[in-house]
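A structural walkthrough
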Amino acid sequence: MVATNTFWTRKYRQHIAAMIGLCYRYVPDRATAEDLAHDAFLRAIEKADTLRLVERFEEWLTRITLNTVMDYLRENVVWKSDVDAEQIAADAPEPDGDITPESMMEAIRQADFSRQEIVEAITQLPEHHRTVLNLYVFERLTHKQIAEKLNISPNTSKSHLMRARKELQIILFNKSKQKNRPLMTWVLPLFGVDAAFDRYCRHQVAGFALPPQRPLNSSNLISAPSHLPLRVRYHALRAPMAAGLGTAAVGAMLIPAVTRHPQPVPPVAPKPAAAVSVPAPDSTATVEMTELPTETLAPQSVRSTTPHDNHEAELTPEDPPDTAAATPVVVKKIVRRSNRTIIVKDSNKR
């Protein structure tokens, strides 16, 4: 229930000003237009089951508002019978001075009227002309559709539109003189002055809205039937769900990025020298090969060799060996191969 009230409260704040603006174009009384807009919104809450696509909520709400206004006009306005279009055109007021429709249209365009100014000019039209002009120009209904809504014939709709256009152009042209703009000659589109005037009015009036002077309070929305179909409830929760999923996705992408940062690697201790025993060419002796760092083997009596030399350097002991001694003679050699120092010991008995 709380989510339902929140949904309608949010929609009311978003659309009520545009709804009042639409009603005011048909019924130029601010209080009556506001009442019609509020009735239309409460009717929309009651007809929530007819909302097929939540993405088209604004179009659906506009249609309900327009139907509410049409019901009011049918009950309070007495529509005249069919009138000949030529007679209506003959009775239409004429502009001051000798001016062509094209020049009149350019004067209106250069005056750069605001939304409020054009709407106020529309409200000066008679109810019959104003209603048909609004339906044809702003709602873009055909004369057949207008005739069905107002219970009149299509010819009557055409007659009212012709008269409404001419009256509105004269009202705006007379107002344009007060702006003291220089009149310039422009090439109108090929579809004529009437179509250009309709398009100008649609462009200038688009987005017209009036804020409510007596807005509905929360009690009015709560007391109204506020049942929402499942698709509307899902749409109301879709935005917060999307925000939550987006936050989770961002977190999932950031966590691996943190773990991928290189960690400091502790230094590896050097491995101890490995001693390998291999059989010597002579069966009576063994050769011990020990790999040691080069800097540990630097006796003064050794001839210097470069790291890339492959020849052998003989080690000469400082004290010559005692030939009479019974101890075995030890011959030491240092072999430098591929940046390695190898000590070869050969022990032979005399």
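On a predicted model such as this, the values are computed, not experimentally measured, just so you know. (Residues numbered from 1 in each chain as written. Predicted model: local features only at pLDDT ≥ 70, side-chain atom pairs only at ≥ 80, totals over all residues. Heavy atoms only, no water.)

Below, the discussion takes up the packing of helix α5 (residues 101-111) against helix α9 (residues 154-176). Contact geometry of α5 with α9 gives a least axis separation of 9 Å together with a crossing angle of 60 degrees. Classified by the angle their axes make, α5 and α9 are oblique. When the axes of α5 and α9 are compared, the crossing they make is left-handed. Across from Met104, Ala107, Ile108 and Ala111 in α5, the residues of α9 making contact are Gln169, Ile170, Leu172, Phe173 and Ser176. (Axes fitted to C-alpha atoms, helices over the stretch in contact; angles between N-to-C directions. Helix = DSSP H or I, 4+ residues; strand = E, 2+ residues; numbered from the N terminus. Parallel < 35°, antiparallel > 145°, perpendicular 65-115°, else oblique. Left-handed = near helix turned anticlockwise from the far one by under 90°. Contact = heavy atoms within 4.5 Å.)

Before going further, it helps to spend a moment on the packing of helix α6 (residues 115-123) against α9. As a packed pair, α6 and α9 sit with axes 9 Å apart at the nearest point and diverge in direction by 135 degrees. Relative to α9, the element α6 is oriented oblique. Viewed along their axes, α6 and α9 form a crossing whose handedness is right-handed. Packed against α6, whose contacting residues are Glu117, Ala121 and Ile122, the element α9 presents Leu168, Ile171, Leu172 and Lys175 at the interface. In terms of residue class, the contact of α6 with α9 is made up of five nonpolar, no polar and two charged. (Nonpolar A, V, L, I, M, F, W, Y, C, P; charged D, E, K, R; others polar.)

A few words now on helix α8 (residues 143-150). Within α8 the residues assigned to the buried category are His143, Ile146, Ala147 and Leu150. Buried residues of α8, seen end-on, are gathered within an arc of 100 degrees and therefore sit on one face of the element. Exposed side chains of α8 directed beyond 90 degrees from the buried face belong to Lys144 and Glu148. Here the buried face of α8 lies against α3 (57-76), α7 (127-138) and α9. In the segment just after α8, asparagine 151 is the residue with positive phi, at about 60 degrees. (Buried < 20%, exposed > 50% of the residue type's maximum accessible area, 1.4 Å probe, protein only. Arc of directions from axis to C-beta.)

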